[in-house]
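A look at the structure
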Amino acid sequence: MSVGRENAYVGEKRTHLRHGYGVYKYPNQFFRYEGEWKHGKKHGHGKLLMADGSFYEGEFINGEIEGHGFRKWAASGNTYSGQFSNGELNGYGVMNYHNGSVYEGEFQCNKKEGRGVMKYEDGAIYEGLFHNNLRHGEGSLTSSNGDRYIGDWVRDSRQGSGELHCKDGSVYDGQWRNDLFNGAGTLIHSSGVTYEGMWINGRPAVEATRIVITSEECQELSQDAPFSVSVEIQSGDGQVVTDEQGRELSITAGFKHQIPGQGSPLLALIEDLDETPVTTPYYDVINYPITEYSFLEERLKASEDDPSSGASDLTPPANDEVTEALAESVADLDLNDNDYQPDAATGKPEDMVKPGDDDGEEADGTTGESLPEICSTDDTDTVLDLGGEHERAAVTESPIPPSVANIRSEAGRIMFQDLSLVPPPGGYRPFSILDLLLEEEALAKIRNSRTGSLAQQLNIGAKMGKNLDDATTPTDQVNFEKIKDPKVAKIKRERLYGDERFARPGEYVIIVSDVTEPPFLDIRLPPAYCQIKVLHPRKVKKDKPPAKSKSNLKTAE
């Protein structure tokens, strides 16, 4: 073996052929080989360098890159270590990409082909089959967020049958197309909602879009009557979503948010409300307690067993600070309690004496027409008690009624059964403000009527032997917080509030809300609303004994 030198080759030769170790520069000046030769061909271990900085180092057989080697591409920064055949990536190898991704597996003709593992730059890992550099066939993908898919792939997309296990616990098992749920499949959501049916482009074929209350929009019921609310979960075209199970709904109630007029002393109190009013299709409301009727039944039974407890045990604790603040807001109404002294002749309060009582006196103690009365027991629109000592005395520390438990849907339907609105919490602002607004309105009506009723007052004054000043005592001398006769106070309150063991008569708004957490498919359904109109308890008329005829009386005599 001799050492030869020629213009392009420096190295060992045998029989005038490159043989042994040598360096060869190709005529195009782009390639340069240094390594082992055999019979004039690159053979054995060598390194092929390129002018752009790329190179291959590894095995050569009969002049071709063949066997195990290392390849670097200067333009992309990618490197490969593994099997080669005819100068191409063939067999098992590891490709390190410039962005941090790594593929380890089988290659064919410079492409990923067969089984391999691809670790992406974001931390995702795919294990499975490849074809023509794409994920194709069976494989699993663990995403960087912890989700894991196991199933079929077609041209780098999830397609066919597969399971998706999400980090949050959600599981989908079914058909896929173009990386989306498509076809028959079942999703068990982390919120507890299950949808089993057809899917189109990642969404249920019949998708819930709204909550619909199928009960009457406005139910009328007496104070002591329970009520129920039936609900359907519907799609945009009104279909009940029977393929969906387990959506969680809550039910709450509210009473109208009372807003005094400009300049009212109550306006500052409204502005200081801690609770934000809820907007409904009817009007803004403040949350009102609602519970299951069984709770009230238990409390009512307890009050019957222990009469000392009474209705007070049904009333949530009062907020004395709120009550006092509301009372102070109408401190300018300096009213007098003398109008409610018992009548000397009958022992009844003056405003309760009826025509035909002793001496034929009217309710005000006079004969003939009476003075205007803001607390007339015959006018429930103006029967007002500010909830003073009588109301506060009825409020004791008691357990707050439990709210109605949330219910999960079955085949797209829910029924909230046997519900009841509880007595108002002590110091419940909408009621307190409503009472004060009604009182202000009543006082304004009376003040405005003073001029129109001047002749009437003069007539009454003449009958009573009083002068005009006595007959026109300012109406703002009346104070409803100081009704001294408890029977009168009780009658007046019952005329306005009905049975105080239950919610006051009036209109309430029922709100059914989607509280599924987390929201199913990232969508929370808008609330649904209806009204409950609570009526005064019906009075049971007692049968009167048959009147005796005159003939029967004569016979008896």
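The sections below set out a description of the structure shown in this document. (Residues numbered from 1 in each chain as written. Predicted model: local features only at pLDDT ≥ 70, side-chain atom pairs only at ≥ 80, totals over all residues. Heavy atoms only, no water.)

Attention shifts here to a negative patch on the surface. Taken together, the side chains of Glu 292, Glu 297, Glu 298 and Asp 418 make up a negatively charged region of the molecular surface. As for its position among the elements, Glu 292 is in strand S26 (residues 290-292). The exposure class of Glu 292 is partly exposed, given its relative accessible area of 34%. (Patch = residues over 30% accessible without salt bridge, like charges linked within 9 Å, V, L, I, M, F, W, Y side chains within 5 Å. Areas by Shrake-Rupley, 256 points an atom, 1.4 Å probe, with all protein chains shown as cover. Salt bridge = Lys/Arg side-chain N within 4 Å of Asp/Glu carboxyl O. Lys, Arg positive; Asp, Glu negative; His and termini not counted. Charge placed at Lys NZ, Arg CZ, Asp CG, Glu CD. Helix = DSSP H or I, 4+ residues; strand = E, 2+ residues; numbered from the N terminus. Buried < 20%, exposed > 50% of the residue type's maximum accessible area, 1.4 Å probe, protein only.)

Moving on: the side chain of Thr 79. Mapped onto the fold, Thr 79 is located in strand S8 (residues 79-85). Judged by relative accessible area, Thr 79 falls into the buried class, the value being 16%. Residues contacting Thr 79, with those up to four places away along its chain left out, are Phe 70, Arg 71, Lys 72, Trp 73, Val 94, Met 95 and Asn 96. (Contact = heavy atoms within 4.5 Å.)

With that settled, the discussion passes to the packing of aromatic side chains. For the structure shown, the criterion picks out 31 aromatic pairs. A centroid spacing of 5.0 Å and a plane angle of 85° characterise the contact between Phe 30 and Phe 31, whose relative ring orientation is edge-to-face. Residue Phe 30 is classed as partly exposed on the basis of its relative accessible area, which comes to 34%. Aromatic pair Tyr 33 and Phe 60: ring centres 5.1 Å apart, planes at 75°, arrangement edge-to-face. Of this pair, Tyr 33 sits in strand S4 (residues 31-38) while Phe 60 sits in strand S6 (residues 55-61), placing them 27 residues apart in sequence. Cation over ring: Arg 158 sits above Tyr 149, and NZ or CZ is 5.6 Å from the ring centre. Taking NZ or CZ as reference, Lys 256 lies 5.4 Å from the ring centre of Tyr 283, over its face. (Phe/Tyr/Trp six-rings, centres within 6.5 Å; stacked < 30°, edge-to-face > 60°. Lys NZ or Arg CZ within 6 Å of the ring centre and 35° of its normal.)

Attention now goes to the sheet that holds S26. Overall, antiparallel pairing links the 4 strands, which are arranged S20-S22-S28-S26 in an open sheet. Here the strands that pair on one side only, and so sit at the sheet edges, are strand S20 (210-213) and S26. Going from strand to strand, the sheet's axes swing by 45° on average, the running direction of each strand aside. Sheet topology note: the strand S22 (residues 227-234)/strand S28 (residues 413-421) ladder contains 5 bridges and is antiparallel. Its bridge partner lying in S28, Ser 230 is registered against Met 415. (Pairing = 2+ DSSP bridges. Axes fitted to C-alpha atoms, helices over the stretch in contact; angles between N-to-C directions.)

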